[in-house]
Amino acid sequence: MTDFRRRVAAAYDAETFRHEGHRLVDMLAEYLTQAERGEGPVLPWAAPAVNVDRFAAAFPEEPTGDFADLVARVLSGSNHLHHPRYAGHQVTAPVPLAALCDAVSSLLNNGMAVYEMGPVSTAMERNVLRWMAGRLGLPETTDGVLTSGGSAGNLTALLAARQAKAGYDAWNGGAHAGPPLTVLVPKSAHYSISRATRIMGWGEGGVTPVAVDDCFRLRPEALDTAMKTATLAGRKVIAVVASAGSTATGAFDPLEPVADFCERHGLWFHVDGAHGAAATLSPTYRHLVRGIDRADSVVWDAHKGLLMPALVTAVLFRDGSRSFEAFAQEASYLFHGEAEQPWSDVALRTLECTKEMMALKVYTCLSVLGTRLFSEAVTESYEQARRFARRLSAAGDFEVAVPPDCNILCFRHTPAHVPPAEWDALQARLRERLVTRGDFYLVQTKLPKGVYLRVTLINPLTTDADLDAMMEALRTAARR
Ligand SMILES: Cc1ncc(COP(=O)(O)O)c(C=O)c1O
């Protein structure tokens, strides 16, 4: 046996894998126990350069076997999303079962550009998408793909919108083969929309802002004005994007009037439901997405509202055939040019060529854990945000930016001993203190009235008591 063959045998040895795997699961279970009990800091803060040194690329030529050591250092240095005091960005504390699915996906590595590369995950993807479409009330004609995140999802949907509505073949002819295009987008929309239009070569005017109301929801009566502004600027409007809900404050745009407007003007209706399409799972909060069943395309991140690890984003098209128009790529070595485009070759319709087995974790968790957990998680997180908002408003030394639509809440501490002119700086200082001490993980955002603290109650392990403790910690930090 050559040295290389010996090394291969050692690296691929099933018994070593079994041993390391058992040890790893024990470590992760222990980690989970501690995180869920709220032991230790949420984020063990260290400056970027410190971590770059800690994880220097000092790779040896020969095996060291210290996998467990390395994992232990990864666990201790990371942001602990299962800690009940994690309430930061829209990244959930995933159900642990999903992590096991990711291990299966990584080992099988069924890249699934075309059906035969990933037969099971392709079938699961189709059925997960059908389930999601059904929950949203979209028709049987709906089809789509899973892709790597809401940003890629929004780009995919807008590429299809362009092919459908531009009036010329921009995919082949280029962005300048016809009149310059634009989409009407509420000012509160996620930046991935304007990034997508810039990627498509439409420049700054590719997005025409639509005014929002005091609760940051798109004002339907402002659509006409936006349309006129775009037309005066020499742009052809092809679509309206609505958020369900928005990133900064979680605002849900009124979808029915936007759908009416799109119908009247023959425009594509895209709903960015990356964060909040999951509201449809909650009997109590389903009304927030009323009208989503009229969308031409919807984006829904399972890693936001469905307790999944990043990344799993569904892009759904009410006319499934539109999904082939986002990317009209020829690649004879991969796709064999059938007259009928096969739904089962998913790379025909995604930004990715090779793609991980994304559907596996969603399909497995829904199958094994049942759907009730996921619908209750939505309801409970939205209610928790409402309860927290009520306690903040009643406290007298806190101010809520707007009553929450979902599980995103912006608020600020307004203690009497700090003059209002210093409130912006105060919020930033308070957040820095809580986060760098590892007490809580929360974020901040700038709204028209100033800087606000922002929580996303996306971790089902967070209790009301944790949020009360956050208020107390903010008060203590402000007194310093
Ligand atoms: C409304 C909305 N759309 C899109 C995105 C982008 O999603 P991703 O981070 O999965 O790319 C986000 C992320 O926060 C979002 O809130």
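Residues numbered from 1 in each chain as written. Predicted model: local features only at pLDDT ≥ 70, side-chain atom pairs only at ≥ 80, totals over all residues. Heavy atoms only, no water.

**Digging into the overall build of the protein**
- Broken down by element type, the protein carries 16 helices and 11 strands.
- For the protein, whose C-alpha radius of gyration is 24 Å, the value lies close to the compact-globule estimate of 23 Å for 480 residues.
- Viewed in the frame of its principal axes, the protein has a C-alpha envelope of about 75 × 60 × 40 Å.
- A separation threshold of at least 6 residues defines the contact pool for the protein, and within that pool the share at least 24 residues apart is 72%.
- As presented, the protein carries roughly 22200 Å² of accessible surface, and 55% of it is formed by carbon and sulfur atoms.
- Of the side-chain charges in the protein, 48 are positive and 54 negative, and the distance between the mean point of each set is 5 Å. (Helix = DSSP H or I, 4+ residues; strand = E, 2+ residues; numbered from the N terminus. Rg over C-alpha atoms; globule rule 2.2 N^0.38 Å. Contact = heavy atoms within 4.5 Å. Areas by Shrake-Rupley, 256 points an atom, 1.4 Å probe, with all protein chains shown as cover. Lys, Arg positive; Asp, Glu negative; His and termini not counted. Charge placed at Lys NZ, Arg CZ, Asp CG, Glu CD.)

**Considerations on the side chain of S188**
- Along the chain, S188 turns up in the loop between β2 (181–186) and α9 (191–199).
- For S188, a relative accessible area of 15% translates into the label buried.
- Within the structure, the side chain of S188 is placed 3.1 Å from the backbone oxygen of F216, a separation counted as a polar contact.
- Beyond its immediate chain neighbours, meaning those up to four positions away, S188 contacts V212, F216, S246 and T247. (Buried < 20%, exposed > 50% of the residue type's maximum accessible area, 1.4 Å probe, protein only. Polar contact = N/O pair within 3.5 Å; in protein donor to acceptor, adjacent residues only side chain to side chain.)

**Topic: the sheet that holds strand β11 (residues 450–456)**
- Across the sheet, four strands lie side by side as β8-β9-β11-β10; this open sheet has antiparallel pairing. Since the sheet does not close on itself, it has two edges, and those belong to β8 (398–400) and β10 (443–447), each with one partner. With direction set aside, neighbouring strand axes in the sheet form an average angle of 40 degrees.
- Judged from the five bridges that link them, β10 and β11 form a sheet pairing that is antiparallel. The residue of β11 that forms the bridge with K446 is V451.
- Of the strands in this sheet, β8, β9 (408–413) and β11 touch helix α14 (residues 372–395), which is tilted by about 15 degrees from β9. (Pairing = 2+ DSSP bridges. Axes fitted to C-alpha atoms, helices over the stretch in contact; angles between N-to-C directions.)

**Quick notes on the pattern of salt bridges**
- According to the stated counting rule, one finds 28 salt bridges in the structure shown.
- The partner of R391 in a salt bridge is D464, and the shortest N-O contact between them spans 3.7 Å. You can see R391 sitting in helix α14 and its partner D464 sitting in helix α16 (residues 464–479), a full 73 residues away along the chain.
- R391 sits in the partly exposed class, given a relative accessible area of 24%. (Salt bridge = Lys/Arg side-chain N within 4 Å of Asp/Glu carboxyl O.)

**Some words on the site of the ligand**
- Neighbouring residues of the ligand: 14 residues in total, closest G150, S151, T247, D272 and H303.
- D301 has a polar side-chain atom sitting 3.0 Å from an oxygen atom of the ligand.
- Separating an oxygen atom of the ligand from a side-chain N or O atom of H303 is a distance of 2.9 Å.
- Here the ligand loses 85% of its free accessible area of 390 Å² to cover by the protein chains.
- For the shell around the ligand, the secondary structure elements donating two or more residues are α7 (150–165) and α12 (302–305).
- Here the shell around the ligand gets three residues from one element, more than from any other, and that element is α7.
- Partitioning the shell around the ligand into residue classes produces one nonpolar, 10 polar and three charged. (Near = heavy atom within 4 Å. Nonpolar A, V, L, I, M, F, W, Y, C, P; charged D, E, K, R; others polar.)

**Overview of the pairing of β2**
- Burial runs high along β2: six of the six residues are buried.
- Neither face of β2 is left uncovered, since the one carrying L181, V183 and V185 and the one carrying T182, L184 and P186 both have all their residues buried.
- With four bridges joining them, β2 and strand β3 (residues 207–210) adopt parallel strand pairing. Paired with V183 across the strands is V207, a residue of β3.
- Between the parallel pair β2 and β3, the chain is carried across by α9, and the sense of this crossover is right-handed. (Right-handed = clockwise from strand over helix to strand, strands pointing away.)

**Quick look at the sheet that holds β2**
- Across the sheet, which stays open at both edges, the seven strands sit in the order β1-β7-β6-β5-β4-β2-β3 with mixed pairing between neighbours. Among the strands making up the open sheet, the edge pair consists of β1 (143–147) and β3. Pairwise comparison of adjacent strand axes, ignoring direction, gives a mean angle of 20 degrees for this sheet.

**Let's talk about the domain arrangement of the protein**
- Looking at the assigned domains, one finds that the protein contains domain 1 (13–95 + 371–480) and domain 2 (110–363).
- Computed from C-alpha coordinates alone, the two centres of domain 1 and domain 2 are separated by 29 Å.
- Across the contact, 28 residues belong to domain 1 and 29 residues belong to domain 2.
- Of the roughly 2300 Å² buried where domain 1 meets domain 2, counting both sides, 66% is carbon and sulfur surface.
- Taken together, domain 1 and domain 2 are joined by one salt bridge. (Domains from an automatic or database assignment. Buried area = accessible area lost by both parts, 1.4 Å probe.)

**Quick word on the environment of H89**
- Note that H89 resides in the loop between α4 (67–77) and α5 (96–108).
- Remark: the alpha-carbon pair of H89 and T456, spanning 367 residues in sequence, is separated by 6.0 Å.
- Ignoring sequence-local partners within four residues, the contact set of H89 consists of Y441, V443, R454, T456 and I458.

**Notes on unusual backbone geometry**
- For the bond running from A244 to G245, omega is -10 degrees, close enough to zero to count as cis.
- Relative to the assigned elements, G245 resides in the loop between β4 (236–243) and α11 (255–265).
- Here A310 and L311 are connected by a cis peptide whose omega angle stands at 0 degrees.
- Secondary-structure assignment places L311 in the loop between α12 and β7 (313–317).
- In the Ramachandran plot, M112 falls in the positive-phi region, its phi being about 50 degrees despite a non-glycine side chain.
- Tracing the backbone through its elements, the reader meets M112 in the loop between α5 and α6 (119–136).
- Note on M112: relative accessible area 0%, which makes it buried.

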